[in-house]
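Topology and contacts: notes
Next come the chains, spelled out residue by residue.
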Amino acid sequence: MTKSSIDREHWARVARDWTAWARKPGHDAFWAYRDALVAWIGRGSGEALDLGCGEGRVSRELTALGYRVTAADTVAELVEIAAQAGSAQDYAVAVADAAALPFEDSRFDLVVAYNVLMDVEDVPGALREVRRVLRPGGTLMVSLVHPFRDRGRFAGPEPDAPFVFEGSYYGRERFEGSEERDGLRMDFAGWSQPLEAYAAALEAAGLAITSIREPQPDHPDGNALLQQWMRLPLFLWLKARPLA
């Protein structure tokens, strides 16, 4: 549904690690941007799809905002973990990849793809399917690790450390890496590509970008790492709607 076989195998392997990583309050960047994310999505009462739901934290936020949520992922263990936490009202395990979502046409008022398109090998196919399952007046909300961030690094931990750009911004690259912090370890993997590639895939799917945000952390004081991301965007948020 949201992941190619190589990506699905990766996330199946790290499902328990990801659950521990994602559910520790304040541990990863989600918590530093949560208030802004929730405000940007806004309250609603329609049918929402959390595409690539993982352990369910975005589903829980959508439920709290008033939506009737379907949490879906290709990794059955993650869907089960999300269900155990009461994250949504409906759950779906997709046995196919992104180009074949298991839902009828025009099912959802809102589709949220939170940090999941980086795990999709066929982004154009995934967005065509999103367009199919969105209602004519529906909205797609996408969060990405900012494409520019993928191609560089800060030279040190200081708040004013320079950001060092490496290689080329253009092209599509596979990334793999590990983080270890506060007794938890997480192995990440996925795809990095420029903003133009995402925009072209949206356009080809018949989806028009209506809003862009490059958010800053909600509460950066006292955290040198978050203060770095006050200078450069860590995330890119997009909203898109079907063209008539």
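See the structure above.
An account of the accompanying structure is given in this report.

Okay, the packing of helix H2 (residues 15–23) against helix H5 (residues 76–84) next. Where H2 contacts H5, the axes come no closer than 10 Å and their chain directions differ by 35°. Relative to H5, H2 is oriented so that their crossing is right-handed. Of H5, the residues touching H2 (which contributes Ala15, Arg16, Trp18, Thr19 and Arg23) are Glu77, Leu78, Ile81 and Ala82. Its residues assigned to classes, the contact of H2 with H5 comprises 5 nonpolar, 1 polar and 3 charged.

Mapped onto the elements, Met230 comes out in the loop between helix H8 (224–228) and strand E11 (235–242). Apart from residues lying up to four places away in sequence, Met230 is in contact with Gln216, Pro217 and Pro220.

Now for the side chain of Ser192. Turning to its location among the elements, Ser192 is positioned in strand E9 (residues 184–192). A distance of 3.2 Å separates polar atoms of two side chains, one belonging to Ser192 and the other to Asp150. Ignoring anything within four residues of it in the chain, the contact list for Ser192 reads Asp150, Arg151, Gly171, Arg172, Glu173 and Phe175.

As a further point, take the nonpolar core. Grouped together as the largest cluster of nonpolar side chains are 60 residues, with contacts concentrated most on Leu62, Val111 and Leu140. Of all the elements, helix H3 (residues 29–41) adds the most residues to this core, at 7 residues. With residues up to four places along the chain from it excluded, the contact list for Val111 reads Leu49, Leu51, Val130, Val133, Leu134, Thr139, Leu140 and Met141.

The strands making up a sheet are joined through hydrogen bonds of the backbone, oriented either antiparallel or parallel. Taken in spatial order, the 7 strands of this open sheet run E3-E2-E1-E4-E5-E11-E10, and their pairing is mixed. Edge positions in the sheet fall to strand E3 (90–93) and strand E10 (207–213), since each has one partner strand and no second. Put simply, the sheet's adjacent strands are angled 20° from each other on average, direction ignored. Across 4 bridges, strand E2 (residues 68–73) lies against E3 in parallel orientation. When the bridges of E3 are listed, Ala71 appears paired with Tyr91. Against the sheet, helix H7 (residues 195–204) touches strand E5 (134–145), E10 and E11, its axis set at about 140° to E10.

The rules we used
Residues numbered from 1 in each chain as written. Predicted model: local features only at pLDDT ≥ 70, side-chain atom pairs only at ≥ 80, totals over all residues. Heavy atoms only, no water. Axes fitted to C-alpha atoms, helices over the stretch in contact; angles between N-to-C directions. Helix = DSSP H or I, 4+ residues; strand = E, 2+ residues; numbered from the N terminus. Left-handed = near helix turned anticlockwise from the far one by under 90°. Contact = heavy atoms within 4.5 Å. Nonpolar A, V, L, I, M, F, W, Y, C, P; charged D, E, K, R; others polar. Polar contact = N/O pair within 3.5 Å; in protein donor to acceptor, adjacent residues only side chain to side chain. Core = buried A, V, L, I, M, F, W, Y, C linked by side-chain atoms within 4.5 Å. Buried < 20%, exposed > 50% of the residue type's maximum accessible area, 1.4 Å probe, protein only. Pairing = 2+ DSSP bridges.

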